[in-house]
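Residues per chain, in single letters:
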Amino acid sequence: MVSGLSALFALTTWQIAADGPLRRLDERTGRALVGHGPERLTELLADLGNTQVALPVLGCAILWALVRGERRAPLAAALAMAAVPLLVVPLKEWIARPGPLTDATGYYPSGHAATAAVAYGAAALLLAPYVRYAWMMPVAAVLMTVATGIGLVLRGYHWPLDVAGSWWLCGLLLVALRLLSRRSRRRSSSRTPSC
C-alpha cells in the first residue's frame with residue numbers, strides 16, 4: 001500500500017512538474033469538466049474540504065476517542081492533520097502550477113482535497129471501532145473525500161491531478177495513522193485484565 005501510494009504520488013508530481021503528457025491530458029480533462037453539475041451542489045461538495053467544515057468533524061472524532069480512553073490514536077490523528085499544511089504548502093510553492101481558471105500559481109497539490117482526505121479519513125479510523133459495522137466509517141470517509149474532489153474539479157478550483165496528488169500524499173499519512181491506531185488498541189487491550 002505504502003509503495004503504491006508513494007509511486008503514484010511520485011509519478012503524478014513528476015508529470016506535473018515536468019509538464020509531461022499526463023499533465024496535458026489532465027488539463028484537457030479538467031477544462032472539459034469545469035462548469036458541469038448543479039452549481040450549488042458542486043460548491044457544497046467543494047466546501048467539504050474547507051477547514052471550517054472538515055476540522056470540526058475530526059475534532060469531534062478526536063474528542064470521542066479521548067472520552068473512550070484512547071490517547072495515542074487521537075494524538076496521531078491531530079498530528080496527521082497538522083502535517084497537511086507542512087507537506088502541501090512547500091509543494092505548492094515548488095511546483096507553482098497555475099489553476100484551471102486563473103494564472104495564479106500554487107494549485108498542486110490541492111490543500112482542500114488534502115484537508116478532506118486526512119480529516120474524514122482520520123475521523124473514520126478513530127470512530128470505526130465504535131460502530132456496529134466497522135466498514136461503514138471508511139466508506140463514509142471515502143465518499144466525503146471523493147465528493148470534495150469532484151466539487152473542486154467541477155467548480156474549476158483544481159485540476160483533477162491536483163486532487164489525486166493530494167489523495168496519494170494523504171493516503172500515506174492515513175496508512176501511518178491506521179498502523180499506529182491498531183498498535184495502540186492492541187496494547188490497551190493486552191493491558192485489560194481478563195476475568
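Residues numbered from 1 in each chain as written. Predicted model: local features only at pLDDT ≥ 70, side-chain atom pairs only at ≥ 80, totals over all residues. Heavy atoms only, no water.

(A) The arrangement of the overall build of the protein in detail. Helices and strands together make up the secondary structure of the protein, namely eight helices and zero strands. In sequence order, the secondary structure elements of the protein are arranged as α-α-α-α-α-α-α-α. By principal-axis analysis of the C-alpha atoms, the protein measures approximately 65 × 35 × 25 Å. The proportion of buried residues among the 195 residues of the protein is 45%. Within the protein, contacts between residues separated by at least 24 positions form 77% of all contacts whose residues are at least 6 apart in sequence. Put simply, the protein shows about 10,500 Å² of open surface, and 67% of that area lies on carbon and sulfur atoms. When the 19 positive and 10 negative side-chain charges of the protein are each reduced to one mean point, those points stand 18 Å apart. (Helix = DSSP H or I, 4+ residues; strand = E, 2+ residues; numbered from the N terminus. Buried < 20%, exposed > 50% of the residue type's maximum accessible area, 1.4 Å probe, protein only. Contact = heavy atoms within 4.5 Å. Areas by Shrake-Rupley, 256 points an atom, 1.4 Å probe, with all protein chains shown as cover. Lys, Arg positive; Asp, Glu negative; His and termini not counted. Charge placed at Lys NZ, Arg CZ, Asp CG, Glu CD.)

(B) View of the packing of helix α5 (residues 72-95) against helix α6 (residues 111-127). In the contact formed by α5 and α6, the axes pass within 10 Å of each other and the chain directions differ by 170°. Our classification of the angle between α5 and α6 gives roughly antiparallel. Crossing angle aside, the handedness with which α5 passes α6 is right-handed. Taking contact as the criterion, the partners of Ala73, Pro74, Ala77, Ala80, Met81, Val84, Val88 and Lys92 in α5 are, on α6, Gly111, Ala114, Thr115, Val118, Ala119, Ala122 and Leu126. (Axes fitted to C-alpha atoms, helices over the stretch in contact; angles between N-to-C directions. Parallel < 35°, antiparallel > 145°, perpendicular 65-115°, else oblique. Left-handed = near helix turned anticlockwise from the far one by under 90°.)

(C) Geometry of the packing of aromatic side chains. Considering all chains together, one arrives at two aromatic pairs under this definition. Taken together, a centroid distance of 6.4 Å and an interplanar angle of 80° make the contact between Trp64 and Tyr130 edge-to-face. Here the residue Trp64 occupies a position in helix α4 (residues 51-67), and Tyr130 occupies one in the loop between α6 and α7 (136-154), the gap between them amounting to 66 residues. Relative to Trp135, the ring of Tyr133 lies with its centre 6.4 Å away and its plane at 45°, an arrangement referred to as tilted. Using a relative accessible area of 57% as the deciding quantity, one classes Trp135 as exposed. (Phe/Tyr/Trp six-rings, centres within 6.5 Å; stacked < 30°, edge-to-face > 60°.)

(D) Representation of the environment of Arg31. The topology assignment puts Arg31 in helix α2 (residues 21-33). Given a relative accessible area of 52%, Arg31 falls into the exposed group. Sequence spacing of Arg31 and Leu101 is 70 residues, and the spatial spacing of their C-alpha atoms is 8.9 Å.

(E) Seen up close, the packing of α4 against α6. Two numbers describe how α4 lies on α6: the axes approach to 9 Å, and their chain directions differ by 20°. Taken together, α4 and α6 sit at an angle that is classed as roughly parallel. At the point where α4 passes α6, the crossing takes the left-handed sense. For the pair formed by α4 and α6, the contact residues are Thr51, Val53, Ala54, Val57, Leu58, Ala61, Ile62, Trp64 and Ala65 on the first element and Thr115, Ala119, Tyr120, Ala122, Ala123, Leu126 and Leu127 on the second.

(F) Spotlight on α7. Compared with an ideal rise of 1.5 Å per residue, which puts 19 residues at 27 Å, α7 spans 27 Å between its outermost C-alpha atoms and is within 8% of the ideal. Burial in α7 covers these residues: Met137, Ala141, Thr145, Ala147, Thr148, Gly149, Gly151, Leu152, Val153 and Leu154. Positive phi shows up at Gly156, right after α7, with a value of about 80°. (Expected span 1.5 Å × (residues − 1).)

(G) Region of interest: the environment of Leu22. Mapped onto the secondary structure, Leu22 falls in helix α2. Under the relative-accessibility criterion, Leu22 is labelled partly exposed at 30%. Measuring from C-alpha to C-alpha, the distance between Leu22 and Leu161 comes to 8.8 Å, with 139 residues separating the pair along the chain. Those residues in contact with Leu22, other than ones at most four positions away along the chain, are Gln15 and Leu161.

Treat this as a map of the structure, not an account of what it does.
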